[in-house]
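# Structural overview
Listed below, chain by chain, are the residues.
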Amino acid sequence: MILSRKRKKLDKDYNLIKILIVLFLPYIALSLGQTGFLGLLPFVREEFALTRVQVGYYSTCFFISAALLSVFTGSIVDNLGPKKSMLLGIGCLGFILILHGLSPSYSLLLLMAFLAGLGFSIITPSATKAVMLASPQDKRAFSMGITQTGFGLGGILGASLLPFLGESLGWRIAVQFAAIFILLTGPFVYKLYQEHNYVRTIIDTPEDQAGKRQSFKDNFLSLFANKTLFCVCVLGIVFGISEGAVLSHFVVFLSEDLNMSKVTAGLGFGTLHLGGMIGLIVWGRFSDRFFKADRRISLFLIGSSSGVMYLLFSLFLHHSPVSQVTVFFFSFLLGFSALGWTGVYLTSVGEVAGSKRAGIATGLALLLIRTGMLVAPPIFGLIADANGYYRYSWLVFGFVIIGISSLFLRKN
């Protein structure tokens, strides 16, 4: 009897591991495309003679479409299913990246960034819903963190390898390599992912349990009636600001303010993502073990930690020269919270929303996250252009992130 129970538990754990490994791949593709190109921005800036504000426009255009479409694509995921949705998103992102390498002007690159946001907008809610349906509650944030380490790994590969290829072969060839890899990932995920392995682990709302099928409008409006969900979604603006500013400007900050070479700055960017990978796992395990009944405390700690790291970059890393070891160490710590929040955050959204609305609720959360990502890069760059360096950008954003995170904890 005991052996039988242990065998069943092992089988469940094994099936969960298989699902998580497959769901790891879309995040690698997503990050390799998005973060990999951001790692090439110093080359793009040099070719097109861009200001820091213009550098920030790329992320803004990318997240405009991702934000505008997030709720709609979340609803598509709820109806189409994660498997087909992931294939669609990966294919869209890979094709648009091919066009990146053919763009003759930065204006067209901004248009391509806008179109690439569609793929991003589909991949995240589809992978999120798949994890929520497959994971038991006591392993949910940890499982989400495991799959999203794929984003960190893709970021490390993109930030480390693409600048090297850009230095050797040109940034256009480098981005084409990334596009081909992404396009090959889609069919691979579609072949391996089995939707029938789902385990129903998210608690349904009363409407779901009653079997009532609601329209997109009714589902969307019901999200606003859930005050807990709405408050968690609003907190996503803070995380969007934190991540958007870092991803858009970190390579330029390292190469210009700290006088690193473009390749070394790319390695620093990769270290940032390594911190994010570790943060996803550690924060997820920490939340599951200590605060699984109250994710808001974990979210507050993550947000506050990100703000503190922003302040440290302002206070300690604005002088040049700075030891590369010191820079890489602080880059790791910054990534630990500024990029390591998504597992706990999206788990919280899915748990509050219920199984049938996990996709559209994730879409609403992503809408607000991307609102932060939209406004953060140009403002961060504008402050830097006004002063000639990024010191005050780090300072202002650090106080904003800590302040809003503190309000969230007090209001809830």
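Anyway, here's the lowdown on the structure attached to this text.

Basis of the calculations
- Residues numbered from 1 in each chain as written.
- Predicted model: local features only at pLDDT ≥ 70, side-chain atom pairs only at ≥ 80, totals over all residues.
- Heavy atoms only, no water.
- Salt bridge = Lys/Arg side-chain N within 4 Å of Asp/Glu carboxyl O.
- Helix = DSSP H or I, 4+ residues; strand = E, 2+ residues; numbered from the N terminus.
- Buried < 20%, exposed > 50% of the residue type's maximum accessible area, 1.4 Å probe, protein only.
- Phe/Tyr/Trp six-rings, centres within 6.5 Å; stacked < 30°, edge-to-face > 60°.
- Lys NZ or Arg CZ within 6 Å of the ring centre and 35° of its normal.
- Contact = heavy atoms within 4.5 Å.
- Polar contact = N/O pair within 3.5 Å; in protein donor to acceptor, adjacent residues only side chain to side chain.
- Core = buried A, V, L, I, M, F, W, Y, C linked by side-chain atoms within 4.5 Å.
- Axes fitted to C-alpha atoms, helices over the stretch in contact; angles between N-to-C directions.
- Parallel < 35°, antiparallel > 145°, perpendicular 65-115°, else oblique.
- Left-handed = near helix turned anticlockwise from the far one by under 90°.

## So, the pattern of salt bridges
By the definition in use, this model includes two salt bridges. Note that Arg45 and Glu256 form a salt bridge whose closest N and O atoms lie 1.9 Å from each other. Placement of the pair is Arg45 in helix α2 (residues 41-48) and Glu256 in helix α10 (residues 227-257), with a sequence separation of 211 residues. Of the residues examined, Arg45 reaches a relative accessible area of 16% and is grouped as buried. According to the relative accessible area criterion, Glu256 is partly exposed, its value standing at 29%. Glu47 is the partner of Arg172 in a salt bridge, and the nearest nitrogen-oxygen pair spans 2.8 Å. Separated by 125 residues along the polypeptide, Arg172 in helix α7 (residues 171-192) and Glu47 in helix α2 bring together distant segments of the chain.

## Brief notes about the packing of aromatic side chains
Enumeration according to the criterion identifies 24 aromatic pairs in this entry. Look at Phe37 and Trp171: their rings are 6.0 Å apart centre to centre, the planes differ by 75°, and that puts the pair in the edge-to-face class. Taken together, the residues Phe37 in helix α1 (residues 2-39) and Trp171 in helix α7 connect sequence positions 134 residues apart. For the pair Phe37 and Trp171, one class covers both residues: buried. Taking the centre distance of 5.0 Å and the plane angle of 85° together, the rings of Phe380 and Phe397 count as edge-to-face. You can see Phe380 sitting in helix α15 (residues 358-387) and its partner Phe397 sitting in helix α16 (residues 391-411), a full 17 residues away along the chain. Each member of the pair, Phe380 as well as Phe397, is classed as buried. Through a chain of ring-to-ring contacts, three or more aromatic side chains come together here, namely Phe250, Phe253, Phe269, Tyr310, Phe313, Phe329, Phe330, Phe380, Tyr390, Trp394 and Phe397. The ring of Tyr190 has Lys83 lying over it, and the distance from NZ or CZ to the ring centre is 4.7 Å. The residue whose ring lies beneath Arg391 is Tyr392, and the NZ or CZ to ring-centre distance is 5.6 Å.

## Section: the environment of Ser248
Looking at where Ser248 falls in the secondary structure, it is placed in helix α10. The spacing of Ser248 and Val55 is 193 residues in sequence and 7.4 Å in space, taken between C-alpha atoms. Every residue in contact with Ser248, bar those within four places of it in the chain, is listed here: Leu41, Val55, Ser59 and Pro377. At a separation of 2.9 Å, a polar atom in the side chain of Ser248 contacts the main-chain carbonyl oxygen of Gly244.

## With respect to the nonpolar core
Ranked by internal contacts, the top residues of the largest apolar core, which has 112 residues, are Phe37, Val44, Phe250, Tyr310, Leu334, Tyr345 and Trp394. Here the element with the most residues in this core is α10; it accounts for 15 residues. Contacts of Phe250, omitting those with residues within four sequence positions, involve Ala245, Gly268, Phe269, Leu272, Phe313, Ser331, Leu334 and Trp394.

## Notes on the side chain of Ser255
Along the chain, Ser255 falls in helix α10. Of the residues examined, Ser255 reaches a relative accessible area of 17% and is grouped as buried. At a separation of 3.2 Å, a polar atom in the side chain of Ser255 contacts the main-chain carbonyl oxygen of Val252. Ser255 has contacts with Met260 and Ala265, leaving out every residue within four places of it along the chain.

## Comments concerning the packing of helix α4 (residues 82-100) against α7
Where α4 contacts α7, the two axes come as close as 8 Å, and the packing angle between them is 165°. Relative to α7, the element α4 is oriented roughly antiparallel. Crossing of α4 over α7 shows left-handed handedness. Residues Lys83, Lys84, Met86, Leu87, Ile90, Gly91, Leu93, Gly94, Phe95, Leu97, Ile98 and His100 of α4 pack against Trp171, Arg172, Val175, Gln176, Ala179, Ile182, Leu183, Thr185, Gly186, Pro187, Val189 and Tyr190 of α7.

## Looking at unusual backbone geometry
At Ala49, a position not held by glycine, the phi torsion is positive, near 55°. Take Ala49: it is sitting in the loop between α2 and α3 (52-80). Look at Asn259: it is not a glycine, yet its phi comes out positive at around 60°. Mapped onto the elements of the fold, Asn259 is located in the loop between α10 and α11 (262-290).

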